[in-house]
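The residues making up each chain are set out below.
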Amino acid sequence: MTASPRPSVPFVDLRPQNQVIDEQAVSAFAEICDSGAFVLGPHVRRFEEEYAAFAGVDHCVGVGNGTDALVLAMRGAGIGAGDEVIVPANTFVATAEAVAIVGADLVLADCDEDFLIDPADVASRVTGRTRAVVGVDLYGQVAPFERLREAVGDDVLLLEDAAQSQGASRNGRPAGSFGVAAGTSFYPGKNLGAYGDAGAVTTGSAELADRVRALRNHGGIAKYEHLDVGTNSRLDSVQAAVLSLKLERLKGWNAERDEAAQRYATLLADLPGVVLPRVLPGNQHVWHLYVARVTDRDRVLSELLEAGVGAGIHYPAPVHLWPAFSWLGHGAGSFPVAEALAKEIISLPMFPGITTEQQEIVADTLRSVVRR
Ligand SMILES: Cc1ncc(COP(=O)(O)O)c(C=O)c1O
């Protein structure tokens, strides 16, 4: 008799989250259809207030997606042509795109062995034109903003890319509250995910929030009042209603991710050729992604996938090695830490509701694959 095959484990499963809010979501959708307030409106205002409180800031402006949130945060802070903006080389491409979209000059910096932007490398890239540095809370861990401040001095703006860190904190301060403004993404797979694209700018500055509010809506607060060249990046009511329902449960879901991360740490301890992610002092990690380093990564990844274990790479290349950014003129070897990590990183299944059994399957499969 042949042994029955192990069940497969998905990389992410959003169904447990969606099932919990299902009934309430359906009645919110019915109410929105009835009211006709599909874009902006009371559900959006309510979510903006709730999310501002959650992120520990006075203002939240809901926008169409996380990329727009970064673009509008930069435009709201007055960043544009002639300014240099420093961004980590190892990030989702959107962080770099935002700089290019606002017309500023993109300057990349290397990261450290814990995947976060390296303040010492940032310091070496500051010039008289440096206007801002973007700390990315990669994988769910807040970037070292106090060290970035020391590295760049008082005249350079700090911005936060908080797309992967809803609910995280550093030294007790919530993600989304660092720097002059933060941009976050509520793409469905994020820790706080909508039922489509959505994002937000969070800030302590009323002035910056007002500018973003105008920019997201064709450059004016009132209808047919176009004071600036804006865009259309409004949050819609359906997404806001889903986000409000999910926000109530986010702490619990992040706690489940944290438990799962601790379970991986136990299950995968002392596995040769595998380096597990670290939580940095002062940080509350929310494990948007559980990213380990493995030798012979491409083989390990393909054998995991073949065995039915969902795994991924975030991200296969640093920004400067994508064709889209070849014009920066940085060849291979320009950002050695980011480049080395891109060859070793592997993201393991991580989502609220992942079971002990599923994690054991991942760990057993990884154990057998790395030993081969
Ligand atoms: C670090 C980071 N920045 C920005 C974004 C862009 O967000 P969106 O996809 O909502 O535009 C993402 C989303 O994947 C991200 O992970």
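Bear in mind that the values here come from a model prediction, so they are computed numbers and not experimental data.

Conventions we followed
Residues numbered from 1 in each chain as written. Predicted model: local features only at pLDDT ≥ 70, side-chain atom pairs only at ≥ 80, totals over all residues. Heavy atoms only, no water. Buried < 20%, exposed > 50% of the residue type's maximum accessible area, 1.4 Å probe, protein only. Helix = DSSP H or I, 4+ residues; strand = E, 2+ residues; numbered from the N terminus. Pairing = 2+ DSSP bridges. Domains from an automatic or database assignment. Contact = heavy atoms within 4.5 Å. Buried area = accessible area lost by both parts, 1.4 Å probe. Salt bridge = Lys/Arg side-chain N within 4 Å of Asp/Glu carboxyl O. Nonpolar A, V, L, I, M, F, W, Y, C, P; charged D, E, K, R; others polar. Phe/Tyr/Trp six-rings, centres within 6.5 Å; stacked < 30°, edge-to-face > 60°. Lys NZ or Arg CZ within 6 Å of the ring centre and 35° of its normal. Near = heavy atom within 4 Å. Polar contact = N/O pair within 3.5 Å; in protein donor to acceptor, adjacent residues only side chain to side chain. Areas by Shrake-Rupley, 256 points an atom, 1.4 Å probe, with all protein chains shown as cover. 1 Å grid on protein atoms, 1.4 Å probe; cavity = no way out; pocket = protein on both sides within 12 Å on 5 of 7 lines; lining within 4 Å. Points joined across faces, edges and corners; volume = space filled by probe spheres on them.

Glancing now at the pairing of strand β4 (residues 130-136). A large share of β4 lies buried, amounting to six of its seven residues. Pairing between strand β2 (residues 84-88) and β4: three bridges, direction parallel. Bridge pairing in β4 links Val85 to Ala132. Pairing geometry for β4 and strand β5 (residues 157-161), over five bridges, is parallel. Bridge pairing in β5 places Gly135 opposite Glu160.

So, on to the domain arrangement of the protein. Segmenting the protein into domains produces domain 1 (15-245) and domain 2 (251-370). Spacing between the C-alpha centres of domain 1 and domain 2 amounts to 24 Å. Residue-level contacts link 37 residues of domain 1 with 34 residues of domain 2. Both sides of the domain 1 and domain 2 interface together cover about 3200 Å² of buried area, and 59% of this is carbon and sulfur. On the domain 1 side of the contact with domain 2, Tyr139, Gln141 and Asn191 bury the most area, a combined 22% of that side's loss. One salt bridge in this structure joins Arg278 and Asp114, with 2.7 Å as the shortest N-O distance. Put simply, the parts of the chain that give the side of domain 1 that touches domain 2 at least two residues each are α1 (15-35), α4 (93-101), β3 (105-109) and β6 (169-170). Its residues assigned to classes, the side of domain 1 that touches domain 2 comprises 16 nonpolar, 13 polar and eight charged.

How two aromatic rings sit relative to each other is set out by the distance from centre to centre and by the angle between their planes. Applying the stated rule across the entire model yields eleven aromatic pairs. Aromatic pair Tyr51 and Phe186: ring centres 5.3 Å apart, planes at 85°, arrangement edge-to-face. Of the two residues, Tyr51 sits in helix α2 (residues 41-55) while Phe186 sits in the loop between β8 (181-185) and β9 (199-203), which places them 135 residues apart along the sequence. For the pair formed by Tyr51 and Phe186, the shared burial category is buried. Its guanidinium or amino end placed over the ring of Phe178, Arg173 lies 4.5 Å from that ring's centre, counting from NZ or CZ.

A word on the pairing of β9. In terms of residue burial, β9 counts as a mostly covered element, since five of its five residues are buried. Of the pairings in the sheet, the one linking strand β1 (residues 59-63) to β9 comprises five bridges and is antiparallel in character. Counted as the bridge partner of Cys60 is Thr202 from β9. As paired strands, β8 and β9 are joined by four bridges and run antiparallel to one another. In the sheet register, Ala182 faces β9, and the bridge partner there is Thr202.

So, on to the site of the ligand. Residues in close proximity to the ligand total 14 residues, the closest being Gly66, Thr67, Asp161, Ser185 and Lys190. Lys190 is positioned such that a nitrogen or oxygen atom in its side chain is 2.7 Å from an oxygen atom of the ligand. Computed on the free molecule, the ligand has an accessible area of 390 Å², of which 91% lies beneath the protein chains in the complex. Elements with a contribution of two residues or more to the shell around the ligand: α3 (66-76) and α4. Here the element with the most residues in the shell around the ligand is α3; it accounts for three residues.

Judged by pairing direction, the sheet is antiparallel, and its three strands sit side by side in the order β7-β6-β11 without closing on themselves. Every other strand in the sheet has two partners, leaving β7 (173-174) and β11 (283-284) as the edge strands with one partner each. When β6 meets β11, the two strands line up antiparallel, connected through two bridges. Note on β11: the bridge partner recorded for Arg170 is Asn283.

A word on the layout of surface pockets. Of the voids in this model, the largest pocket is the one considered here, and its volume is about 560 Å³. Phe92, Tyr187, Lys190, His288 and Tyr315 are, among the 29 residues lining the largest pocket, the residues nearest its centre. Where the lining of the largest pocket is concerned, the elements lending two or more residues are α3 and α4. Tallying contributions element by element places α3 first for the lining of the largest pocket, with three residues. Partitioned by chemical class, the residues of the lining of the largest pocket number 15 nonpolar, ten polar and four charged.

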